[in-house]
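Letter by letter, the chains look like this.
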Amino acid sequence: MAAIDLNADLGEGFGVWRLGDDDAMLGIVTSANVACGFHAGDPASLLRVCRLAAERGVRIGAQVSYRDLAGFGRRFIDVAVEDLVADIVYQIGALQAIAHAAGSTVSYVKPHGALYNTIVTNRDQAAAVASAVYLVDAGLPVLGMPGSAFFDEAARAGLHTVAEAFADRAYRPDGQLVSRREPGAVLDDPAAIAQRVVTMASSGQVTAIDGTQISVSVESICVHGDSPGAVQIATAVRDQLEAAGIDVRPFC
């Protein structure tokens, strides 16, 4: 039976501000990309999310980002390489401590937002993120976009790479994501998204925004926890994957 991981970005509130329904999503996904405090998340809420993930057998990943609370990590920052390395090391270490206190561990690393998109092509920053993960724990897998500079640098460092595709984001013909600033970048129809994911998982194909068919490598599917209707989308995706005979389980 084919198998696939289902992940979501969680722990992205801050103080009294709540974003998404972490409790509900943790009943659906198999991996949780937990914020590390640089783009979202405060210690108390992150500890709570990690405890819930541990209780439900959901893998915890460090969702590392630029230092950008005001911009939710979605703004490019031209940070010095040595500073970016230190920032990533710091974030992974912080979440490792929180996950340990919750009775679990950090199982993988996934860059967030603008950092994720930047290291598709920016080799200096890609190398910085890969180097930081290697410095903390060379055994940690990294989740990201196949064919990216980040995967090249991660492989060069000896890290295990896990190919990710996005349930609720539109793709460009070159395989990159459509910018959130453009119309149609974020999808919102649960049934259509679920069928799209089944097609990606079973055939390795997805329809780009211009209507062309492009190839995608898929080991893990991301549903954004902060999207409107995220719980309904994630539920539809999991139900349709299982109906198609695809086992939904963690990749690590």
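An account of the accompanying structure is given in this report. (Residues numbered from 1 in each chain as written. Predicted model: local features only at pLDDT ≥ 70, side-chain atom pairs only at ≥ 80, totals over all residues. Heavy atoms only, no water.)

1. Observations regarding the packing of aromatic side chains
Any pair of aromatic rings gets described here by the distance separating the centres and the angle formed by the planes.
Step number 1: With the rule as written, the count across this model stands at 5 aromatic pairs.
Step number 2: Seen from their ring centres, phenylalanine 38 and tyrosine 90 are 5.8 Å apart, and the 35° between their planes marks the pair as tilted. In this pair, phenylalanine 38 is assigned in the loop between strand E2 (31-35) and helix H2 (43-56) and tyrosine 90 in helix H3 (residues 81-101), connecting sequence segments 52 residues apart.
Step number 3: Seen from their ring centres, tyrosine 108 and phenylalanine 251 are 5.1 Å apart, and the 65° between their planes marks the pair as edge-to-face. Highlighted residues: tyrosine 108 in strand E4 (residues 106-111) and phenylalanine 251 in the segment after strand E10 (247-248), separated in sequence by 143 residues.
Step number 4: Owing to a relative accessible area of 0%, tyrosine 108 belongs among the buried residues under this scheme. (Phe/Tyr/Trp six-rings, centres within 6.5 Å; stacked < 30°, edge-to-face > 60°. Helix = DSSP H or I, 4+ residues; strand = E, 2+ residues; numbered from the N terminus. Buried < 20%, exposed > 50% of the residue type's maximum accessible area, 1.4 Å probe, protein only.)

2. A look at the pairing of strand E3 (residues 59-64)
Step number 1: Judged by how many residues are buried, E3 sits mostly within the fold: 5 of 6 residues are covered.
Step number 2: As defined by bridge partners, E2 adjoins E3 across 5 bridges and the pair is classed as parallel. Bridge pairing links serine 31 to arginine 59 in E3.
Step number 3: Handedness of the E2-H2-E3 crossover: right-handed.
Step number 4: In this structure, E3 lies alongside E4, joined through 5 bridges in parallel fashion. Bridge pairing in E4 links glutamine 63 to lysine 110.
Step number 5: Read as a crossover between parallel neighbours, the route from E3 over H3 to E4 is right-handed. (Pairing = 2+ DSSP bridges. Right-handed = clockwise from strand over helix to strand, strands pointing away.)

3. Comments concerning helix H8 (residues 230-243)
Step number 1: Between its first and last C-alpha, H8 extends 20 Å over 14 residues, near the 20 Å set by a 1.5 Å rise per residue.
Step number 2: Burial in H8 covers these residues: Ala230, Ile233, Ala234, Ala236, Val237 and Leu241. Projection of H8 onto a plane perpendicular to its axis shows the buried side chains occupying an angular sector of 160°, all on one side.
Step number 3: Buried-residue contacts for H8 involve strand E1 (3-10), helix H1 (22-25), helix H7 (190-203) and E10.
Step number 4: Looking at the residues trailing H8, positive phi occurs at glycine 245, about 80°. (Expected span 1.5 Å × (residues − 1). Arc of directions from axis to C-beta. Contact = heavy atoms within 4.5 Å.)

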